Amino acid sequence: MDSRFGVTELEDLPEDLRERIGVIAEKSGFVPNVFRALGHRPAELRAFLDYHDALMERTDGLSKAERELVVVATSGANHCTYCVVAHGAILRIRAKDAQLADRVATNPWQVELDERGRAIVDLALALARTPEMFGEADVEAARTAGLTEDEIWDVGSITALFAMSNRLAHLTALRPNPEFYGMGR
């Protein structure tokens, strides 16, 4: 069972989603289970994909690897197996580092990162773990490390999106596709 609420196969999605997810499936060689799980609510899947792409496909600010670093740190903090495994694979590929994702997901405080990477992870963790305590000191620490206002916004927005995504994965008991485990190793 890939989701406790069942899944929608690619061919059963509305045409626009079939095309959009088909591109991802062609690139990766499989349909990620998150799309199959969210597919029974096409409007929500579209909104999720639109926000995901607006944050994760930007070409300025954070690098693609840094964006995935935020996802893995957030998902590790939220104990989301699906997102740690799926985005861990992407981080391994984008960072060209077979160990980084596992280290960040399991013990982000001890992983060796440069000052910028440390600031990104610390900011994501502050917002993901204790959002009610998040404040100016967290933002100032990121500024001091050299993150721009737009990059700080990106870290916060990506953390927020994936906090939601993590919760949907928990709700649906979403299982990672087996293909993710070996990617980038």
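Notes on the structure follow. What you see is a predicted model, and the numbers here were worked out from it, not measured in a lab.

A few points about the pattern of salt bridges
Applying the stated criterion across every chain yields a total of 18 salt bridges. In this structure, Arg-20 engages Asp-50 in a salt bridge whose closest nitrogen and oxygen atoms are separated by 2.8 Å. Of the two residues, Arg-20 sits in helix H1 (residues 15-28) while Asp-50 sits in helix H3 (residues 42-56), which places them 30 residues apart along the sequence. Judged by relative accessible area, Arg-20 falls into the partly exposed class, the value being 27%.

Some remarks on helix H4 (residues 64-77)
With 14 residues, H4 ought to run about 20 Å at 1.5 Å a step, and its terminal C-alpha atoms sit 20 Å apart, in line with that. Counting buried positions over the 14 residues of H4 gives 12, a clear majority of the element. Taken as a whole, H4 has its buried residues at Ala-65, Glu-66, Arg-67, Glu-68, Leu-69, Val-70, Val-71, Val-72, Ala-73, Thr-74, Ser-75 and Gly-76.

Overview of helix H5 (residues 81-95)
Given 3.6 residues per helical turn, the α-helix brings residues three or four places apart onto the same face. With 15 residues, H5 extends 20 Å from end C-alpha to end C-alpha; this agrees with the ideal 21 Å at 1.5 Å per step. Among all positions in H5, only Tyr-82, Cys-83, Val-85, Ala-86, His-87, Gly-88, Ala-89, Leu-91 and Arg-92 are buried. Looking at the buried side of H5, the elements it contacts are helix H2 (33-38), H3, H4, helix H6 (100-106), helix H9 (149-172) and helix H10 (178-182). In the stretch just after H5, Lys-96 is the one whose phi turns positive, near 55 degrees.

Thoughts on unusual backbone geometry
With the exception of glycine, most residues fall at negative phi, and the peptide bonds are largely trans. Although it is not a glycine, His-79 sits at a positive phi angle of roughly 55 degrees. Inspection of the secondary structure assignment puts His-79 in the loop between H4 and H5.

About the cut-offs
Counting from 1, residues in each chain are numbered in the order their sequence is written. Side-chain atom pairs in this predicted model are given and counted only at pLDDT of 80 or more, local residue features only at pLDDT of at least 70, and totals for whole chains, interfaces and linings cover all residues. With hydrogens and water excluded, all non-hydrogen atoms of the structure serve as input to the side-chain values. Here, a salt bridge means any side-chain nitrogen of Lys or Arg that lies within 4 Å of a carboxyl oxygen of Asp or Glu. Strands here are runs of E lasting at least two residues and helices are runs of H or I lasting at least four, both read from the DSSP assignment and numbered beginning at the N terminus. Each residue's exposure class comes from its accessible area (1.4 Å probe, protein chains only) as a fraction of the maximum for that residue type: buried when under 20%, exposed when over 50%, partly exposed otherwise. The span expected for a helix works out to 1.5 Å for each residue beyond the first. It only takes one pair of heavy atoms within 4.5 Å for two residues to be counted as in contact.

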